[in-house]
Amino acid sequence: MPELLLELFSEEIPARLQRRAAEDLKKAVTNALVENGLVYESAGAFATPRRLALTVTGLPPASPDTREERKGPKVGAPEKAVEGFLRGAGLTSIDEAKIQSDPKKGDFYVAVIEKKGAPAIEILKDILPKTVQSFPWGKPMRWGSGRLEWVRPLRAVTATFGPEGEEPEIVPFEIDGIATGNQTFGHRFLAPDAIKVRRFDDYVQALEKAKVVLDIDRRKDIIRADARQLAFAQGLELIEDEGLLEEVAGLVEWPVVMMGTFDEDFLSVPEEAIIATIRANQKCFCLRDAATGKLANRFILTSNLIAEDDGKTIRSGNERVIRARLSDAKFFYESDLATPLADNLPKLENVVFHAKLGTQAERVARIEKLAAEIAPLVGADVTDAKRAATLSKADLPTGMVGEFPELQGLMGRYYALAQGEKPEVAAAIEDHYKPLGPSDRVPTDPVAIAVALADKLDVLTGFWAIDEKPTGSKDPYALRRAALGVIRIVGENGLRLNLLGLIAQRLLGRGLSEGERNYVVMSSTLTIARAARPSDKDWEAFERVFNPNEGLLAFFHDRLKVSLRDAGARHDLVDAVISEDSDDILQIVSRVTALGTLLETDDGKALLAGYKRAVNIVVAEEKKDGKAYTGDVDSKALSAPEETELATAIDLARTTVDAKLAADDYAGAVSALAALRGPVDAFFEAVLVNDADPAIRANRLNLLAKLRDTMHLVADFGRVAG
């Protein structure tokens, strides 16, 4: 069957855009083909710095004929309805429509639209230029006098179509004065001449001969394998960097891997700073000594040329630039070391964190207060936590962090250790930013935990208070990441914390008195008593932060649900254990685990079925009777032994559940419910709830309501599927 080959040849496409652009090209063309009735077998998209390429195989030579019956208005409908039907169906007269009869709806018009299939090459001639002209580049450009917008100047378009074994046709169209053809071009320097191509297979082979590796993943494999081999030969190990590898593969069409060196004196600079310098400025990989694990004074570079002098000139050029950049890094590092971190704090007064949240200096003051409140709760020394919080942002004004912002915190640790700060304080300066993502490690030292939680709670509470919350996919202040960070820190360190109290302390800017703690209570509407507010303005912030539906606690619940579901927890169990005022993350996690364990057993499954049956009966009867059943059971009205047994079991379970929950033994509370399985089963087998005697009926409905309420002490079983 025929095959399409399309290549868009241009000036260098930025590496970060290539893979996405190839997928966008594939999606746009294949979607258009299917919409036009051209179903294909397979499609593949490719990118190099100078081209986007697409192959679509198994295309039919023409689209199929189609026949469609379009139903119209009733016979005798108003003239305007008929005219609209004719326009939509492409008919010139109502006489061209058929009349069909329906026994119920009467006679109505039907248009039979028959469309002849079109040659595939004619369809391609229409959809390909439209695809190019509407291509979704983020920031396209124009050049010369043309009107086409492309990421870089477009130089040639190759478009061929035809069956295997035959000379393919050129798909004829023109884009901004560039006519399609059947030729492409090889490597800019190694093989710049034009190359005639027919089908995709010989296109790939021709490019290979012209020093172009079309597939970006193959270029990555070449670079990775050659770099590892060079390193191994020197007793070194490559420092893997997938992001850098993707970028470098997008910078070259014919990768040639070499090794360079730099002066050993630069190894006195922290290795992270050396790696960041070499990576950012020269897109090179760093190496470690395989025996010691220390950073080596070697690096791997990737050239786009086969040099005549075996790469000597290319290596020396890269070494010269890296030497200059590392000299700057060493200067920054030594200058920063000479300045105590505490001396940088006044500079933070001139750095605005957010227009409505003040400067970095004000933010540090808030973090220090909150870290001091959190420290005793996580087993940290209060003095160390306050010191670490004070210095947590002190490396931001340093030269090294100014040059490489991604080193914030890390450089602060190096400077703090060199200047005699406690190891716990230095570690907290680095770790308070963590975790930065799902794969990043979580702080485990108590001081670091206190400062990290204070930092994240300050950000979250602050932005909620000024009504700057994430919306849809937009999260400019990374608040989702901050919330997940709090959840991971609390969960992985097994911490029991009252988030509501900490959030309220952040809003008040100080610790809560015993009386104020009593005001920070959750009602049915999750409002905070006005007596806790210092001003009307702060009260507005309180209302935003503690809103029952859109407040900060609800946001934590949403993030926790995502986290637990990603970890394999059932979504219905998460919903069942979380209530509006659940602010103990560790407790929620343990409850989901305990509830899941119960419901995996036969007793748990049977109990859930009994619960749902009981609730359904109570709800139906409440609706019919127009009143609620409160669970107040008259023991004297219990006549059947099964209902007496159930009432006794419920009372015992309720007493046990209350005691277990008071002792924070949620697993024990869940186990206590399992004992209800037998009495519940026996009750439904032997007892008729809707007894003819109204008093007995009401008492039995109250008994089922009491069962429901007792189980709700543990979880909302109504949200559990099954």
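These numbers were taken from a predicted model, which means no experiment stands behind them.

S.K.: In this structure, what is going on with unusual backbone geometry? I would like to understand it.
M.R.: Glycine aside, negative phi is the norm for most residues, and most peptide bonds take the trans geometry. Geometrically, the link from Lys-434 to Pro-435 is a cis peptide bond, its omega value of 0° lying close to zero. Assignment of secondary structure puts Pro-435 in the loop between helix H13 (423–431) and helix H14 (446–465). Located in the positive-phi region is Asp-176, a residue other than glycine, with phi close to 50°. Tracing the chain through its elements places Asp-176 in the loop between strand S9 (174–175) and strand S10 (178–181). What makes Asp-176 partly exposed here is its relative accessible area of 36%. At Lys-211, a position not held by glycine, the phi torsion is positive, near 65°. Topologically, Lys-211 is positioned in the loop between helix H4 (200–209) and helix H5 (216–233).

S.K.: Looking at this structure, I do not really get the confidence of the model for the protein chain. What am I missing?
M.R.: Predicted coordinates in areas of low pLDDT are best not read in detail. When pLDDT is averaged along the protein chain, the result is 90, and 96% of the positions lie at 70 or above. Note that pLDDT drops below 50 for residues 515–534; the model gives that stretch 32 contacts with residues more than four away or on any other chain.

S.K.: Whenever I open this one, the layout of surface pockets confuses me. Can you help?
M.R.: By rolling a water-sized probe across the atoms, one finds the places where empty space is left. Of the pockets and cavities examined, the largest pocket occupies roughly 970 Å³. Glu-406, Gln-408, Tyr-433, Leu-436 and Arg-481 are, among the 34 residues lining the largest pocket, the residues nearest its centre. Elements represented by at least two residues in the lining of the largest pocket include exactly helix H7 (271–282), helix H9 (360–378), H14 and helix H15 (479–492). Ranked by the residues each element gives to the lining of the largest pocket, the list is headed by H7, at five residues.

S.K.: Even after reading the chapter, I still don't get the environment of Asp-603, so can you show me in this structure?
M.R.: Tracing the backbone shows Asp-603 in helix H22 (residues 602–625). Along the primary structure Asp-603 and Gly-409 are separated by 194 residues, whereas in three dimensions their C-alpha atoms are 52 Å apart.

S.K.: Help me understand the side chain of Asp-440 in this model?
M.R.: One can find Asp-440 in the loop between H13 and H14. Residue class for Asp-440 comes out buried when judged on its relative accessible area of 18%. Looking at Asp-440, its side chain comes within polar contact range of the main-chain nitrogen of Leu-436, at 2.8 Å. Leaving out residues up to four positions away in the same chain, Asp-440 has contacts with Lys-434, Pro-435 and Arg-488.

S.K.: Please clarify how the side chain of Thr-710 should be interpreted in this entry.
M.R.: By the element assignment, Thr-710 lies in helix H26 (residues 694–712). The exposure class of Thr-710 is buried, given its relative accessible area of 0%. Setting aside residues up to four positions removed in sequence, Thr-710 forms contacts with Ile-650, Arg-654 and Leu-673.

S.K.: Can you walk me through the pattern of salt bridges in this structure?
M.R.: Oppositely charged side chains may form a pair once their charged atoms are brought near each other. Within this structure, the stated rule accounts for 55 salt bridges. Ionic pairing is found between Arg-224 and Glu-242, a salt bridge with its closest N-O pair at 3.5 Å. Of the two residues, Arg-224 is situated in helix H5 and Glu-242 in helix H6 (residues 242–249); the sequence distance between them amounts to 18 residues. Owing to a relative accessible area of 47%, Glu-242 belongs among the partly exposed residues under this scheme. When salt bridges with common partners are traced through the structure, they connect Arg-19, Asp-217, Lys-220, Asp-221, Arg-224, Glu-242 and Glu-246 into a single cluster.

S.K.: Would you explain the sheet that holds strand S15 (residues 285–289) in this entry?
M.R.: Strand pairing in a sheet takes place through backbone hydrogen bonds and is either antiparallel or parallel in direction. Reading across from one edge, S13-S15-S16-S14 is the order of the four strands in this open sheet, with antiparallel pairing throughout. Of all the strands in the sheet, just strand S13 (236–238) and strand S14 (256–261) have a single pairing partner and so form its edges. In this sheet, adjacent strand axes meet at a mean angle of 35° when their direction is disregarded. Lying on the sheet, H7 is in contact with S15 and strand S16 (295–303); it crosses S16 at an angle near 15°.

Conventions used here
Residues numbered from 1 in each chain as written. Predicted model: local features only at pLDDT ≥ 70, side-chain atom pairs only at ≥ 80, totals over all residues. Heavy atoms only, no water. Helix = DSSP H or I, 4+ residues; strand = E, 2+ residues; numbered from the N terminus. Buried < 20%, exposed > 50% of the residue type's maximum accessible area, 1.4 Å probe, protein only. pLDDT = per-residue confidence, 0-100. Contact = heavy atoms within 4.5 Å. 1 Å grid on protein atoms, 1.4 Å probe; cavity = no way out; pocket = protein on both sides within 12 Å on 5 of 7 lines; lining within 4 Å. Points joined across faces, edges and corners; volume = space filled by probe spheres on them. Polar contact = N/O pair within 3.5 Å; in protein donor to acceptor, adjacent residues only side chain to side chain. Salt bridge = Lys/Arg side-chain N within 4 Å of Asp/Glu carboxyl O. Pairing = 2+ DSSP bridges. Axes fitted to C-alpha atoms, helices over the stretch in contact; angles between N-to-C directions.

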